[in-house]
Amino acid sequence: MVGDLVGEGARLRAAGPLAPVELPGGIRVWAVTHHAEARRLLTDSRLVKDIETWGAWRRGEIPRTWSMIGLADPGPSMLTFDGAEHRRLRTLTAQALTPRRVESMRPRIEAITSQLLDGLDELDRRERAAGAGGHVDLKARFAYPLPMNVISELMGIGSDTHPRLRELYDGFFSSVTPPDRVQAIMGELFELFGRIIEDKKRSPGDDLTSALLQASEDGDHLTGEEVLATLQVMIAAGHETTISLIVNAVVALLTHPEQLALVRSGEASWDGVIEETLRWDPPTTHVLIRFATEEIPVGDRVVGEGEALIVAYGAIGRDEAQHGARAQEFDVTGSPNRHLSFGHGPHVCPGAPLSRLEARIALPALFGRFPDLSLAVPASDLRNKPAVTQNELYELPVRLRP
Ligand code: HEM
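Residues numbered from 1 in each chain as written. Predicted model: local features only at pLDDT ≥ 70, side-chain atom pairs only at ≥ 80, totals over all residues. Heavy atoms only, no water.

A look at the overall build of the chain
So, step 1. Scanning the chain for helices and strands turns up 18 helices and ten strands.
So, step 2. Against the compact-globule benchmark of 21 Å for 402 residues, the chain has a radius of gyration of 21 Å, which places it among compact chains.
So, step 3. Once the C-alpha set of the chain is aligned to its principal axes, its extents read approximately 65 × 55 × 40 Å.
So, step 4. The 402 residues of the chain split such that 56% are buried.
So, step 5. Put simply, 73% of the contacts in the chain that link residues at least 6 apart link residues at least 24 apart.
So, step 6. On the chain, roughly 17000 Å² of surface is accessible, and the fraction owed to carbon and sulfur atoms is 51%.
So, step 7. One finds the centroid of the 43 positive side-chain charges in the chain at a distance of 2 Å from the centroid of its 56 negative side-chain charges. (Helix = DSSP H or I, 4+ residues; strand = E, 2+ residues; numbered from the N terminus. Rg over C-alpha atoms; globule rule 2.2 N^0.38 Å. Buried < 20%, exposed > 50% of the residue type's maximum accessible area, 1.4 Å probe, protein only. Contact = heavy atoms within 4.5 Å. Areas by Shrake-Rupley, 256 points an atom, 1.4 Å probe, with all protein chains shown as cover. Lys, Arg positive; Asp, Glu negative; His and termini not counted. Charge placed at Lys NZ, Arg CZ, Asp CG, Glu CD.)

Some thoughts on the packing of aromatic side chains
The description of two aromatic rings rests on the distance between their centres and on the angle between their planes.
So, step 1. Considering all chains together, one arrives at five aromatic pairs under this definition.
So, step 2. Ring geometry for Trp54 and Phe291: centres 5.1 Å apart, planes at 25 degrees, overall stacked. Of the two residues, Trp54 is situated in the loop between strand 3 (47–48) and helix 3 (55–58) and Phe291 in strand 5 (residues 287–292); the sequence distance between them amounts to 237 residues.
So, step 3. You can call Trp54 buried: its relative accessible area is 2%.
So, step 4. Ring centres of Tyr169 and Phe172 lie 5.9 Å apart, and the angle between their planes is 90 degrees; on these two criteria the pair is classed as edge-to-face. Residue Tyr169 and its partner Phe172 are located together in helix 10 (residues 162–173), separated by three residues, close to a single helical turn. (Phe/Tyr/Trp six-rings, centres within 6.5 Å; stacked < 30°, edge-to-face > 60°.)

Quick look at the pattern of salt bridges
So, step 1. A complete count under the given rule lists 28 salt bridges for this structure.
So, step 2. Between Lys139 and Glu392 there is a salt bridge; the shortest N-O distance is 2.7 Å. In this pair, Lys139 sits in helix 8 (residues 138–143) while Glu392 sits in the loop between strand 9 (374–375) and strand 10 (397–399), placing the two residues 253 residues apart along the sequence. (Salt bridge = Lys/Arg side-chain N within 4 Å of Asp/Glu carboxyl O.)

Considering the nonpolar core
So, step 1. Counting residues in hydrophobic clusters, the biggest one holds 108 residues, and the most contacted among them are Trp54, Trp66, Met155, Phe193, Ile235 and Ile289.
So, step 2. Beyond its immediate sequence surroundings of up to four residues, Phe193 is in contact with Ile157, Leu165, Tyr169, Leu228, Leu231, Gln232 and Ile235.
So, step 3. By size, the runner-up hydrophobic cluster in this structure holds 18 residues, among which are Leu288, Ala292, Val298 and Val303. (Core = buried A, V, L, I, M, F, W, Y, C linked by side-chain atoms within 4.5 Å.)

Points about the sheet that holds strand 1 (residues 18–23)
Hydrogen bonds between backbone atoms are what pair the strands of a sheet, whose relative direction is either parallel or antiparallel.
So, step 1. Pairing is mixed across the open sheet formed by five strands, whose spatial order is 1-2-8-5-3. Lying at the two open borders of the sheet, with one neighbouring strand each, are strand 1 and strand 3.
So, step 2. Note that strand 5 and strand 8 (residues 308–311) share three bridges and pair antiparallel. Directly across from Arg290, in strand 8, lies its bridge partner Leu309. (Pairing = 2+ DSSP bridges.)

Here's the deal with the pairing of strand 2 (residues 27–32)
So, step 1. Within strand 2, five of the six residues are buried, leaving the element largely enclosed by the surrounding structure.
So, step 2. Sheet analysis places strand 1 next to strand 2, joined by six bridges and oriented antiparallel. The residue of strand 2 that forms the bridge with Glu22 is Arg28.
So, step 3. The turn linking strand 1 back onto strand 2 is made up of three residues, and Gly25 within it adopts a positive phi angle of 85 degrees.

Digging into the coordination of the iron atom of the ligand
So, step 1. Just one protein atom coordinates the iron atom of the ligand, and that atom is Cys349 (SG), at 2.3 Å.
So, step 2. With respect to the secondary-structure elements, Cys349 resides in the loop between helix 17 (320–323) and helix 18 (352–369). (Donors = N, O, S within 2.8 Å, 3.2 Å for Na, K, Ca; no water.)

Structural notes on the sheet that holds strand 10
So, step 1. The strand order across the open sheet built from three strands is 4-10-9, with neighbouring strands paired in antiparallel fashion. In this open sheet, the two edge strands, each paired with only one partner strand, are strand 4 (135–137) and strand 9.
So, step 2. Of the strand pairs in this sheet, strand 4 and strand 10 are connected by three bridges, and their pairing is antiparallel. Bridge pairing in strand 10 links His135 to Arg399.

Things to note about the site of the ligand
So, step 1. Lining the immediate environment of the ligand, one finds 29 residues, of which His86, Arg90, Arg290, His347 and Cys349 sit closest.
So, step 2. At 3.4 Å from an oxygen atom of the ligand is found a main-chain nitrogen or oxygen belonging to Met78.
So, step 3. Contact between the ligand and Arg90: an oxygen atom at 2.8 Å from a side-chain N or O atom of the residue.
So, step 4. When contributions to the shell around the ligand are tallied by element, the ones reaching two or more residues are helix 5 (83–96), helix 13 (224–255), strand 5 and helix 18.
So, step 5. In terms of residue count, helix 13 provides more of the shell around the ligand than any other element does, seven residues in total.
So, step 6. Its residues assigned to classes, the shell around the ligand comprises 17 nonpolar, ten polar and two charged. (Near = heavy atom within 4 Å. Polar contact = N/O pair within 3.5 Å; in protein donor to acceptor, adjacent residues only side chain to side chain. Nonpolar A, V, L, I, M, F, W, Y, C, P; charged D, E, K, R; others polar.)

Side note on the confidence of the model for the chain
So, step 1. Confidence along the chain averages 91 in pLDDT terms, with 98% of residues attaining 70 or more.
So, step 2. Highest mean pLDDT in the chain belongs to helix 14 (residues 257–264) (98); lowest belongs to helix 4 (residues 69–72) (78).
So, step 3. Among the prediction metrics, the complex's ipTM stands at 0.98, with pTM recorded as 0.95. (pLDDT = per-residue confidence, 0-100.)

Some details on helix 1 (residues 5–14)
So, step 1. For helix 1, the complete set of buried residues consists of Leu5, Gly7, Glu8, Gly9, Leu12 and Arg13.
So, step 2. Contact partners of the buried residues in helix 1: strand 1 and helix 16 (313–316).
So, step 3. Within two residues after helix 1, Gly16 carries a phi angle of roughly 105 degrees, on the positive side.

What follows is the structure in structure tokens.
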């Protein structure tokens, strides 16, 4: 499930609303591939997150060393519970990410953005002065550090951890990382976050990790293990996806200059760009695994009791039954744009307001500072990382000035 994501999405949709798919390691699961059925299933209480519901897991058919275990069983957090337990684990985090709370982060996000743009400017000038080609990897220098800094500040993590976190998450999200390496990465991530939590216990800060710890001391809100898993999930989900939202929007605009012109002339909005990127080229292609507590018919197939289901967001975004004849086109004027790329139902992404704000600040600032921004390689040379869940380029080589 890597490589040609658009072709794969089309094949998945053509296979019907419920398609049998094979994950790395030969693990067979169902994928929901049409918008309407996904929307329905995402609020169906017969689909749960508890891995013990998975028949193949209970029968010992899924090795603990399965390379995707970190996504199927990421530790006790909002990802792995439903109902009241899920609300208990999600409430504090979701409260910290409401549109109003996130809006208060605007000045800081703007400051990080302009600092990164200054850095790009400076690099470009130096390279040009030295007679170099003026190519920069916009992903490494802009799209990566912006969300990584923002989520780190929210959770209270120092930027000195970023280089190591980058290496670890590169391996964690890749579908070609050997299973024993994935185990080692998960071990190291939990060790690293565990040390941060111990520090926060000694000297709490004005951050969400300290707030989660405080809540666990005040009552029985979150156990130590739950705070640890929540921190891991927040850092993982809070940077990887937003990187790709920014990268994919830049690529889409640079390869559709007529759409960029509409935004520049004010005929279309940056919000339109963001929502259309989320629909047309979503950062997460397939997430997250759920398990059926009883038989659930979907189209002319059935998710059997104890079987697993993933949501094929990549396929769903271009479902013509939902988005009409323009489903395959990148059209920033398309409205309403009711995509599902942040999920739906009780597990809908709590980070949506934050990633939307980051992109809303980053994109106009980038195109404002570098109006002649262009791809430094043909679009067909841009390569996706091999990953089942992420839709992420290795790098985004651009020319900042002509
Ligand atoms: C859940 C996508 C940004 C934290 C989800 C889900 C999707 C998603 C599709 C639902 C998974 C499912 O139920 O199957 C995205 C995209 C993002 C983004 C496309 C950026 C463009 C963020 C950010 C954060 C975050 C910035 C943190 C600040 C989470 C968490 C969950 C989640 C904690 C689990 C919620 C739960 O299970 O109750 N995200 N996300 N995400 N996201 Fe995001």
